[in-house]
Amino acid sequence: KAMSYNSENEVKGSFGALLKESYYPGDIGFDPLGLKPTDAIKFSKIQTKELQNGRLAMLAAIGMIVQEQVTHDTILGTLKSL
């Protein structure tokens with residue numbers, strides 16, 4: 001039913017999600033501190049840095065999880081024993 005509504009009413013997106021013509025992937029308009037650059041090239045560089053930092057954070061989290069599984073001690077327990 002939702003998909004037929006979209007095609008009948010020319011809604012771009014699925015299940016009633018509306019996308020503006022100016023929509024750019026990764027830019028949902030949330031910038032309360034005004035840090036987003038207006039230049040497209042600078043925005044692309046910052047977007048790439050953000051993705052790389054997120055990937056690094058995921059690897060760090062995996063490392064902590066593996067450490068807990070191997071030592072059978074929590075991260076805070078390991079820090080207290082130092």
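Trainee: Hey, could you run me through the environment of glutamine 67 in this one?
Mentor: With respect to the element layout, glutamine 67 can be found in helix H2 (residues 40-71). Judged by relative accessible area, which is 31%, glutamine 67 ranks as partly exposed. When the C-alpha atoms of glutamine 67 and threonine 78 are compared, they prove to be 9.5 Å apart, with eleven residues separating the residues in sequence. Residues in contact with glutamine 67, not counting those within four places in the same chain, are His72, Ile75 and Thr78.

Trainee: Would you mind going over the environment of threonine 74 with me for this structure?
Mentor: Relative to the helices and strands, threonine 74 is located in the loop between H2 and helix H3 (75-80). Once the C-alpha coordinates of threonine 74 and methionine 64 are considered, the two residues, ten residues apart in sequence, prove to be 8.9 Å apart. Reaching out from threonine 74, the side chain makes a polar contact with the backbone nitrogen of glycine 77 at a distance of 3.0 Å.

Trainee: Can you walk me through the packing of aromatic side chains in this structure?
Mentor: By convention here, two paired aromatic rings are described through the distance between centres and the angle between planes. For the structure on display, the rule yields zero aromatic pairs. Over the face of the ring belonging to phenylalanine 43 we find lysine 36, whose NZ or CZ atom lies 5.6 Å from the ring centre.

Trainee: Quick question: what am I supposed to make of H2 here?
Mentor: Owing to its 3.6 residues per turn, the α-helix aligns residues three or four sequence positions apart on the same side. An ideal rise of 1.5 Å per residue puts 46 Å on 32 residues; H2 measures up with 47 Å between its terminal C-alpha atoms. Once H2 ends, the next one or two residues include histidine 72, with phi positive near 55°.

Conventions we followed
- Residues numbered from 1 in each chain as written.
- Predicted model: local features only at pLDDT ≥ 70, side-chain atom pairs only at ≥ 80, totals over all residues.
- Heavy atoms only, no water.
- Helix = DSSP H or I, 4+ residues; strand = E, 2+ residues; numbered from the N terminus.
- Buried < 20%, exposed > 50% of the residue type's maximum accessible area, 1.4 Å probe, protein only.
- Contact = heavy atoms within 4.5 Å.
- Polar contact = N/O pair within 3.5 Å; in protein donor to acceptor, adjacent residues only side chain to side chain.
- Phe/Tyr/Trp six-rings, centres within 6.5 Å; stacked < 30°, edge-to-face > 60°.
- Lys NZ or Arg CZ within 6 Å of the ring centre and 35° of its normal.
- Expected span 1.5 Å × (residues − 1).

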